[in-house]
Amino acid sequence: MSKKHIKQSQRQLKKAGFYFGAIDGDWGALSVKATKKAIESNAVKLKDESGSSKGLTERDKKRLAGVHKDLQRLVKHVKKTSDVDFFVGEGRRTTKRQKQLIKQAKSTTMNSRHLTGHAVDLIVRVDGKVTWKLKHYRQLAKDMKKSAKKLGIPITWGGDWKTFKDGVHFQLSWGSYSKYT
Ligand SMILES: [Zn+2]
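Residues numbered from 1 in each chain as written. Predicted model: local features only at pLDDT ≥ 70, side-chain atom pairs only at ≥ 80, totals over all residues.

Observations concerning the overall build of the protein chain
For the protein chain, the helix and strand inventory stands at 6 helices and 5 strands. Secondary structure elements in the protein chain, listed N-terminal to C-terminal, are α-α-α-α-β-α-β-β-α-β-β. Taking 16 Å as the expected radius of gyration for a compact globule of 181 residues, we find that the protein chain reaches 22 Å, considerably beyond that expectation. A principal-axis box enclosing the C-alpha atoms of the protein chain has dimensions of 65 × 35 × 30 Å. Looking at the 181 residues of the protein chain, the share that counts as buried comes to 26%. Of the contacts made within the protein chain by residues no fewer than 6 positions apart, 54% connect residues no fewer than 24 positions apart. (Helix = DSSP H or I, 4+ residues; strand = E, 2+ residues; numbered from the N terminus. Rg over C-alpha atoms; globule rule 2.2 N^0.38 Å. Buried ≥ 20, exposed ≤ 12 C-beta atoms within 10 Å, placed from the backbone. Contact = placed C-beta atoms within 7 Å.)

Okay, here's the thing in structure tokens:
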């Protein structure tokens, strides 16, 4: 590598927060260490993005923050037992975001269970690609209901709604969980 190229790499590593040495064009121990850190960090990120069908990814866990503990437990269980490839799209929602969604006609109610952390949207992938087709959500719904029964956590699937079919949507049932439970 030429001095110019080394400087360029050092600058990039510094910008990304991996390198704290001087931009001197000298490929020393600090530069080597920084490169190693950058590669590791990228590997972690890639693993997180692709995910595995078994177990929640870091991104899933982040998106489940603020969601009711029972619903978190259920999603975790299904992630482990189901063969459907899915990830958490959204969990708890702010009032501001809910108002935006209504404006965009993506939601119909300010009574959404997302606002209180009683709902999650789970996105299905087929051959690694996101799908919105309801038929692909039926198996996930089946697995969700099976685990829900096993864990004693009553849920409702948005795909069962008559007027506004919402295949990605799963919520704790109103009958068993009020806004405050
Ligand atoms: Zn939803």
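Considerations on the domain arrangement of the protein chain
When its domains are assigned, the protein chain resolves into domain 1 (3–41) and domain 2 (58–172). Each of domain 1 and domain 2 has a C-alpha centre, and these two points are 42 Å apart. (Domains from an automatic or database assignment.)

A word on the pairing of strand E2 (residues 119–126)
When strand E1 (residues 85–90) meets E2, the two strands line up antiparallel, connected through 5 bridges. If you follow Phe86 over to E2, its bridge partner there is Val124. In this structure, E2 lies alongside strand E5 (residues 169–172), joined through 3 bridges in antiparallel fashion. When the sheet's bridge partners are listed, Ala119 is paired in E5 with Gln171. Where E2 and strand E3 (residues 129–131) come together, 3 bridges link them in antiparallel fashion. (Pairing = 2+ DSSP bridges.)

Describing the environment of Leu115
Looking at the secondary structure, you find Leu115 in the loop between helix H5 (95–103) and E2. C-alpha of Leu115 to C-alpha of Val67: the two residues are 48 residues apart in sequence and 9.4 Å apart in space. When neighbours within four sequence positions are excluded, Leu115 is seen to be in contact with Arg93, Thr95 and Gln98.

Some thoughts on unusual backbone geometry
Even without being a glycine, Ala105 presents a positive backbone phi close to 65°. By the secondary structure assignment, Ala105 is in the loop between H5 and E2. On the basis of neighbour count, Ala105 is assigned to the exposed category, with 7 C-beta atoms found within 10 Å. Its identity as a non-glycine residue notwithstanding, Asp127 has a phi of 50°, on the positive side. In this fold, Asp127 is placed in the loop between E2 and E3. Given 6 C-beta atoms within 10 Å, Asp127 falls into the exposed group.

Some points on helix H6 (residues 134–151)
Counted at 1.5 Å a residue, the expected span for H6 with its 18 residues is 26 Å, and the 25 Å between its end C-alpha atoms agrees. Looking only at H6, the buried set comprises Tyr137, Leu140, Met144, Ser147 and Ala148. For H6, the secondary structure elements touched by its buried residues are helix H4 (69–81), E1, E2, strand E4 (155–157) and E5. Once H6 ends, the next one or two residues include Gly152, with phi positive near 70°. (Expected span 1.5 Å × (residues − 1).)

Focus on the nonpolar core
The biggest cluster of nonpolar side chains holds 22 residues, and the ones touching the most others in it are Leu74, Val75, Val120, Leu140, Met144, Ile155 and Phe170. Every element with two or more residues in this core is listed here: H4, E1, E2, H6, E4 and E5. (Core = buried A, V, L, I, M, F, W, Y, C linked by C-beta atoms within 7 Å.)

Thoughts on the packing of H4 against H6
Put simply, H4 and H6 touch, their axes get as near as 9 Å, and they point 120° apart. By the angle between their axes, H4 is oblique relative to H6. Two packed elements cross with a definite hand, and for H4 against H6 that hand is right-handed. Only Asp143, Met144, Ser147, Ala148 and Leu151 of H6 make contact with H4, whose side of the interface consists of Arg73, Leu74, His77, Val78 and Thr81. A per-class count over the contact of H4 with H6 returns 5 nonpolar, 3 polar and 2 charged. (Axes fitted to C-alpha atoms, helices over the stretch in contact; angles between N-to-C directions. Parallel < 35°, antiparallel > 145°, perpendicular 65-115°, else oblique. Left-handed = near helix turned anticlockwise from the far one by under 90°. Nonpolar A, V, L, I, M, F, W, Y, C, P; charged D, E, K, R; others polar.)

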